[in-house]
Amino acid sequence: MMRVAGAYLLTAAALGSSVVAAAEPSRPRGVSPEFAKFYKDAAGFTCISNLSIQISRDQVNDDYCDCPDGSDEPGTSACSYLSPLSPSTLSDLVNTNTPNSSAALPGFYCKNKGHIPGFVPFTNVNDGVCDYEACCDGSEEWAGVGGIKCPDRCSEIGKEWRKHDEARQKSLDTANRKRKELVNEAQKQRKEVEDRITTLQTTIEAQQKKVSNLETELVETERREKGRVVKAGSAKVGKVGVLVGLAKQRMDELREALINVRKDRDSNMERIKTLESILSTFKEEYNPNFNDEGVKRAVRAWEDYAALDKGAETDAVHERDLNEITKSDKDNGLDWESFSDADESEVELLYKFEEYLPKSLRDWLDQKLRDLRVMLVENGILADLSPEASASGAVTDAQNRLKSAEDEVKNSIKSLESHQEDLNKNYGPDDVFRALKGQCISTDSGEYTYELCFLERTTQKPKKGGGNTNMGSFVGVDSIYVDEDITADGKGLGTGERIAMRHENGQHCWNGPNRSTTVILACAEKNEIWKIFEEEKCVYRMEVGTPAVCEVKGGSKNSTPRDEL
Ligand code: MAN
């Protein structure tokens, strides 16, 4: 049913009847088909809600109010002082006969042939004014008070109404179709989020496995880099064993070489001594009187040689050291067996193994060992443990790989959490607002342009330039009761529960709160800001049309036709 200026146009649905009934002889003036059953008795009339009061038939519509509920005067204004029947109790009355209003009838019934039947308030009956809005057939002015004539205009008014109604219905259909599209889009977007979550979960699992592998790899790389020996020996002898074996072999070679050198030295010393003794005797015993020039030159050369500094006699300490060096390893307390059994974790000891040698051996061997180590490193037997080598080596690579894998996991978890949060957010009925997210609409009002970006924020932009003002960021969806007009072009909130979007924590208002905006939504063919006003300082209210709330309980307008004819 539609309310028009205090009167009612009846829709077929509202009264459960599909056609305007043909004139019924027994139906008194002003009675609608739905109430006809109360007026069927030709002998008399029983007041509709006062069954104890019965009157004669000719007292119906005699312009005198007999029934306390006014039901005996359906076609006159005689009982118009009674409070009118509210639209909500009309159907109660028709269906149950138990009115809760003093008036039993909704008003004077106009058949309005060619248009939609309607009721005119009883006060308007025969008041000398044509009530074409509710009574296009002019039947409520049946007495021609003051000479008034209200010709039937239902044909033209009905035609115009149907045109409007068609357009309105078309627009409603379009709006509903658009909503369906939005819901489809929203579902698609939700599905994308769900799929992304599934993908992320699998990705995270794989990434975590990768991290764990890289952790193992790093540990292994670190161990390998500390004691890398390429030439692994037999299964029984470990890498250290191989290295110890090589070192021992080298030691033996060096010792042997030293012993041989000492032997040669001693034998050569003996020979020198013998030669010196021969020459010394020669010098003592030769006969200078023979005047042999060759002999004289030899004697002078010998004297020169003998005068040379021969250096210190053989250093006893040095000799003792050499004796120690050339002793067997066992006599030196060096147990190669125990080194070859060494665990890899003891590998570091190897780099300092000269410390296990007697002091006397160390200096001499130091240089040799240095050479040996270089040779081993160069040949890939020992790892290069210099700081530069470890900083740029495989360990750093492994560390970097692990670090970036850990970062990947962190990023994926963050993304997963934000997608899960998004899935749990209230995006309105059917998740429909998801499809509007980020879409902006705006309208001019006064000195500002006002903008709404769905699910983001509302903004006030001065037309004359200057900075924009944040009127609040989207925080959630609510329901709000409204009772507003709907304009002829269908824009407006109407009456009932509507979906509202809250926007809070906007720019602080001087001497006031942080700006906030309530955006109230009603069904419309397109997204559009209808009205914007500041309810109180820095508290704004926007009325917005959108297909997103069509056909939604608490979000759309009445499904009955518009108020306009
Ligand atoms: C600006 C606008 C107004 C608001 C005042 C408050 O002029 O944001 O809407 O009322 O500031 O000072």
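Reading the values: the criteria
Residues numbered from 1 in each chain as written. Predicted model: local features only at pLDDT ≥ 70, side-chain atom pairs only at ≥ 80, totals over all residues. Heavy atoms only, no water. Helix = DSSP H or I, 4+ residues; strand = E, 2+ residues; numbered from the N terminus. Buried < 20%, exposed > 50% of the residue type's maximum accessible area, 1.4 Å probe, protein only. Contact = heavy atoms within 4.5 Å. Areas by Shrake-Rupley, 256 points an atom, 1.4 Å probe, with all protein chains shown as cover. Pairing = 2+ DSSP bridges. Axes fitted to C-alpha atoms, helices over the stretch in contact; angles between N-to-C directions. Phe/Tyr/Trp six-rings, centres within 6.5 Å; stacked < 30°, edge-to-face > 60°. Patch = residues over 30% accessible without salt bridge, like charges linked within 9 Å, V, L, I, M, F, W, Y side chains within 5 Å. Salt bridge = Lys/Arg side-chain N within 4 Å of Asp/Glu carboxyl O. Disulfide = S-S within 2.5 Å. Core = buried A, V, L, I, M, F, W, Y, C linked by side-chain atoms within 4.5 Å. Arc of directions from axis to C-beta. UniProt positions renumbered as here; feature names shortened; annotations may be inferred.

Q: What am I meant to see in the overall build of the protein chain here?
A: Scanning the protein chain for helices and strands turns up 11 helices and 14 strands. Counting over 565 residues, the protein chain shows a buried share of 38%. Intrachain contacts of the protein chain at a sequence separation of at least 6 include 54% that bridge at least 24 residues. Working note: accessible area of the protein chain is about 32,200 Å², and carbon and sulfur atoms make up 50% of it.

Q: Help me understand the sheet that holds strand S14 (residues 539–546), please; the structure alone is not making it clear to me.
A: For sheets, the rule is that strands pair by backbone hydrogen bonds, running either parallel or antiparallel. With mixed pairing, eight strands are arranged side by side in an open sheet as S7-S8-S9-S10-S11-S12-S14-S13. Every other strand in the sheet has two partners, leaving strand S7 (440–445) and strand S13 (528–536) as the edge strands with one partner each. Pairs of neighbouring strands in the sheet enclose a mean axial angle of 30°, with direction left out of account. Note that strand S12 (residues 516–523) and S14 share eight bridges and pair parallel.

Q: What is the right way to read the packing of aromatic side chains from this model?
A: Both the distance between ring centres and the angle between the ring planes are used here to describe each pair of aromatic rings. Within this structure, the stated rule accounts for seven aromatic pairs. A centroid spacing of 5.5 Å and a plane angle of 35° characterise the contact between Trp302 and Tyr305, whose relative ring orientation is tilted. With Trp302 and Tyr305 both in helix H5 (residues 293–307) and three residues apart, this pair spans about one turn of that helix. The class of Trp302 is buried, set by a relative accessible area of 12%. On the basis of relative accessibility, which here comes to 34%, the residue Tyr305 falls in the partly exposed class. One aromatic cluster in this structure is built from Tyr448, Tyr450 and Tyr540.

Q: Would you take a moment to explain a nonpolar patch on the surface for this structure?
A: Nonpolar side chains collect at one region of the surface, where Met269, Ile272, Tyr305 and Leu308 lie side by side and expose about 370 Å² of accessible area between them. Along the chain, the position of Ile272 falls in helix H4 (residues 239–285). Here Ile272 falls in the partly exposed class, since its relative accessible area comes to 39%.

Q: Could you clarify how one ought to interpret the state of the cysteines in this entry?
A: Two cysteines form a disulfide when their sulfur atoms are joined by a covalent bond. What the rule picks out here adds up to eight disulfides. What pairs with Cys47 in a disulfide is Cys67, and their sulfur atoms sit 2.0 Å apart. Between Cys47 and Cys67 the sulfur-sulfur dihedral comes to about -85°; the bridge is accordingly left-handed. Highlighted residues: Cys47 in the loop between strand S3 (44–46) and strand S4 (54–56) and Cys67 in the loop between S4 and helix H2 (87–96), separated in sequence by 20 residues. One exposure class covers both Cys47 and Cys67, and it is buried.

Q: What exactly am I supposed to notice about the side chain of Arg27 here?
A: Tracing the backbone through its elements, the reader meets Arg27 in the loop between helix H1 (12–15) and S3. Its relative accessible area of 10% is what places Arg27 among the buried residues.

Q: When you look at the pairing of strand S8 (residues 448–453) in this model, what are you seeing that I'm missing?
A: Put simply, side chains in a regular strand alternate between the two faces of the sheet. When you tally the buried positions in S8, you get five out of six residues, the bulk of the element. Taken together, the six bridges between S7 and S8 define a ladder with antiparallel strand orientation. Among the inter-strand pairings, Thr443 is bridged to a residue of S8, identified as Tyr450. Here S7 folds back onto S8, and the loop between the two strands holds two residues, one of which, Gly446, carries a positive phi near 60°. The pairing of S8 with strand S9 (residues 457–462) spans six bridges and is classified as antiparallel. Within S9, the position partnered with Glu451 by the bridge is Thr459.

Q: For this particular structure, what's the right way to read the nonpolar core?
A: The tendency in soluble globular proteins is for nonpolar side chains to be buried as a group. Ranked by internal contacts, the top residues of the largest apolar core, which has 29 residues, are Phe433, Leu452, Phe454, Met501, Leu521, Met542 and Val544. Those elements that provide at least two residues to this core are helix H3 (154–226), S8, strand S10 (469–483), strand S11 (495–504), S12, S13 and S14. If we skip the residues at most four places from it in the chain, Leu452 touches Gln439, Cys440, Ile441, Arg457, Thr458, His503, Val519, Ile529, Met542 and Val544. In terms of nonpolar packing, the next biggest core, distinct from the first, is built from 19 residues, Ile55, Cys67, Val125 and Cys135 among them.

Q: In this structure, what is going on with helix H6 (residues 316–325)? I would like to understand it.
A: Every α-helical turn comprises 3.6 residues, leaving residues that sit three or four positions apart pointing alike. Looking at H6, one finds that the buried residues are Glu319, Leu322 and Ile325. The buried side chains of H6 occupy one side of the element, clustering within an arc of 120° when seen end-on. Looking at H6, the residues exposed on the side facing more than 90 degrees away from the buried face are Ala316 and Arg320.

Q: Teacher, can you tell me more about the UniProt feature "coiled-coil region" (unreviewed entry) in the protein chain here?
A: The sites that carry the UniProt feature "coiled-coil region" (unreviewed entry) are, in the present numbering, residues 395–426. The span residues 395–426 is 94% helical and 0% strand by assignment, and the distance between its end C-alpha atoms comes to 49 Å.

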